Amino acid sequence: VSAAPASDRELLEQAVAELAHSLRTPLAAILGFAELLATRDSEQIRRVAPLRIQEAAEAMMRELDARLEQVLEAAADRVPDEQA
Amino acid sequence: VNDFAVPVLLVEDDSMVRSWVHFALEESEFRVKGEASSAEEALQLLEQVEPLLLLVDYRLPDKVGTELVRDIRLLGLSTPAILMTANPERGFNEAARDAGAQGTVLKSGKADELLAALRSTLRGESSFDTRHPRRDSGETALSPREREVLRLVAEGATNREIAEALEVGSETVKTLVARTFLKLGVRRRAEAVSVAHGRGLL
């Protein structure tokens, strides 16, 4: 099956939508667990929340690294040979 | 453990969000009685969990959440359902309502917002998050790639097969399918195909 070529604009919109989703999901978890730590008096939350916050922050870092790498690769592909 | 808590079936593929919801409901009148990470798993758990509320993520690995809610309605179950997303999405409330859901909530990390949505829905009220912009009144044009997704959906392709055909990852497919469905204003695959035929898109 041949895929229809995606326009630059479409690829950009799609990349932004994915980036927003992939960052907002772990960010919501970080904000959520931070709020629970601040508002709930629970030994289990005190034990679990820092681990979940760390896990979510690491997921965000991985996502950012991967997306930045994609952007840099795409930018490198666009540099004409004579300027490379 | 509160034996009289309202049982909730949570359908969410992200383990961090599942964990947060579990703790967010912990001191409330609600309890996460079952957790599913896909639509298929949710359908298998329904009978066992007997939930009084469904909390369903929109971007699931095998289907969009509106498809799952619709499938559950077609089984004859009227269990109130709330759909969740991380991003504000244009037309999301309308798509959720059309699918038979009673509410939507943004994954903001605020326990009070989640609990307010669950309480309203349990009381029989609708609770649609107003941060989702309203659906465009006109027909929104599909991009070439979204039309390709639609063509593959019409051929009966699963999300995995679409990913292989377009040579993209599973997350990209989830985004493409979700955006295509929201633009068409449909909640499930068969309806997407029907609307697409009606509009001459296929």
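Criteria and cut-off values
- Residues numbered from 1 in each chain as written.
- Chains lettered and ligands numbered in written order.
- Predicted model: local features only at pLDDT ≥ 70, side-chain atom pairs only at ≥ 80, totals over all residues.
- Heavy atoms only, no water.
- Helix = DSSP H or I, 4+ residues; strand = E, 2+ residues; numbered from the N terminus.
- Polar contact = N/O pair within 3.5 Å; in protein donor to acceptor, adjacent residues only side chain to side chain.
- Contact = heavy atoms within 4.5 Å.
- Axes fitted to C-alpha atoms, helices over the stretch in contact; angles between N-to-C directions.
- Parallel < 35°, antiparallel > 145°, perpendicular 65-115°, else oblique.
- Nonpolar A, V, L, I, M, F, W, Y, C, P; charged D, E, K, R; others polar.
- Buried < 20%, exposed > 50% of the residue type's maximum accessible area, 1.4 Å probe, protein only.
- Arc of directions from axis to C-beta.
- Buried area = accessible area lost by both parts, 1.4 Å probe.
- Salt bridge = Lys/Arg side-chain N within 4 Å of Asp/Glu carboxyl O.
- Pairing = 2+ DSSP bridges.
- Patch = residues over 30% accessible without salt bridge, like charges linked within 9 Å, V, L, I, M, F, W, Y side chains within 5 Å.
- Areas by Shrake-Rupley, 256 points an atom, 1.4 Å probe, with all protein chains shown as cover.
- Lys, Arg positive; Asp, Glu negative; His and termini not counted.
- Charge placed at Lys NZ, Arg CZ, Asp CG, Glu CD.

## Digging into the side chain of Ser 28 of chain B
Residues and elements named next belong to chain B. Residue position: Ser 28 is located in the loop between helix 1 (15–24) and strand 2 (30–36). Polar side-chain contacts of Ser 28 include one of 2.7 Å to the backbone oxygen of Leu 25. Ignoring anything within four residues of it in the chain, the contact list for Ser 28 reads Leu 115 and Arg 119.

## Considering the packing of helix 1 (residues 8–39) of chain A against helix 8 (residues 170–184) of chain B
Following both chains from N to C, one finds helix 1 of chain A and helix 8 of chain B inclined at 105°, their axes separated by 10 Å at the closest point. On the basis of the axis angle, helix 1 of chain A is roughly perpendicular to helix 8 of chain B. Of the residues in helix 8 of chain B, those touching helix 1 of chain A at Glu 13, Gln 14, Ala 17 and Glu 18 of chain A are Glu 171, Thr 172, Thr 175, Leu 176 and Arg 179 of chain B. Partitioned by chemical class, the residues of the contact of helix 1 of chain A with helix 8 of chain B number two nonpolar, three polar and four charged.

## Re helix 9 (residues 189–198) of chain B
Because an α-helix completes one turn every 3.6 residues, residues spaced three or four positions apart along the sequence face the same direction. Residue and element names in this part refer to chain B. All of the buried residues along helix 9 are Arg 189, Ala 192, Val 193 and Ala 196. The buried residues of helix 9 occupy one face: seen down the axis, they fall within an arc of 95°. Packing partners of the buried residues in helix 9 comprise helix 3 (65–74), helix 6 (144–154), helix 7 (159–166) and helix 8. Gly 200, located one to two residues past helix 9, shows a positive phi value of around 70°.

## Examining the interface of chain B and chain A
Taken together, the contact pairs 33 residues of chain B with 32 residues of chain A. Where chain B abuts chain A, roughly 2,800 Å² becomes buried across the two surfaces, and 56% of that area is made up of carbon and sulfur atoms. When the buried surface of chain B facing chain A is broken down by residue, Met 16, Phe 23 and Arg 145 of chain B rank first, second and third, together holding 23% of it. Inspection of the chain B/chain A interface yields zero salt bridges. Our enumeration of links across chain B and chain A arrives at eight residue pairs in polar contact (both at pLDDT 80 or more). Among the elements of the structure, helix 1, helix 6, helix 7 and helix 8 of chain B are those that each provide at least two residues to the side of chain B that touches chain A. Looking at which element gives the most residues to the side of chain B that touches chain A, the answer is helix 1 of chain B, with seven residues.

## Quick word on the sheet that holds strand 2 of chain B
All names here are of chain B. Reading across from one edge, 2-1-3-4-5 is the order of the five strands in this open sheet, with parallel pairing throughout. Taken across any chain shown, the strands that pair with only one partner, and hence form the sheet edges, are strand 2 and strand 5 (103–106). Neighbour-to-neighbour, the strand axes of this sheet turn through a mean angle of 25°, independent of strand direction. Note: strand 1 (residues 6–11) against strand 3 (residues 53–57), four bridges, orientation parallel. Pairing of Val 8 across the sheet is with Leu 53, part of strand 3. Docked against the sheet, helix 2 (residues 39–49) engages strand 1, strand 2 and strand 3, running at close to 135° with respect to strand 2.

## Focus on helix 2 of chain B
Residues and elements named next belong to chain B. Looking only at helix 2, the buried set comprises Ala 39, Ala 42, Leu 45, Leu 46 and Val 49. Along the long axis of helix 2, the arc covered by the buried residues comes to 130°, so they all point the same way. More than 90 degrees from the buried face of helix 2, the exposed residues found are Glu 40, Gln 44, Glu 47 and Gln 48. Contacts made by the buried residues of helix 2 are with strand 1, strand 2, strand 3 and helix 3. Directly after helix 2, the chain includes Glu 50, whose backbone phi takes a positive value near 45°.

## Some words on a negative patch on the surface
All names here are of chain A. Negative charge collects at one region of the surface, where Asp 65, Glu 69, Glu 73 and Asp 77 lie side by side. Its location among the elements puts Glu 73 in helix 2 (residues 43–78). We classify Glu 73 as partly exposed; its relative accessible area is 47%.

These figures come from the coordinates and say nothing about function on their own.
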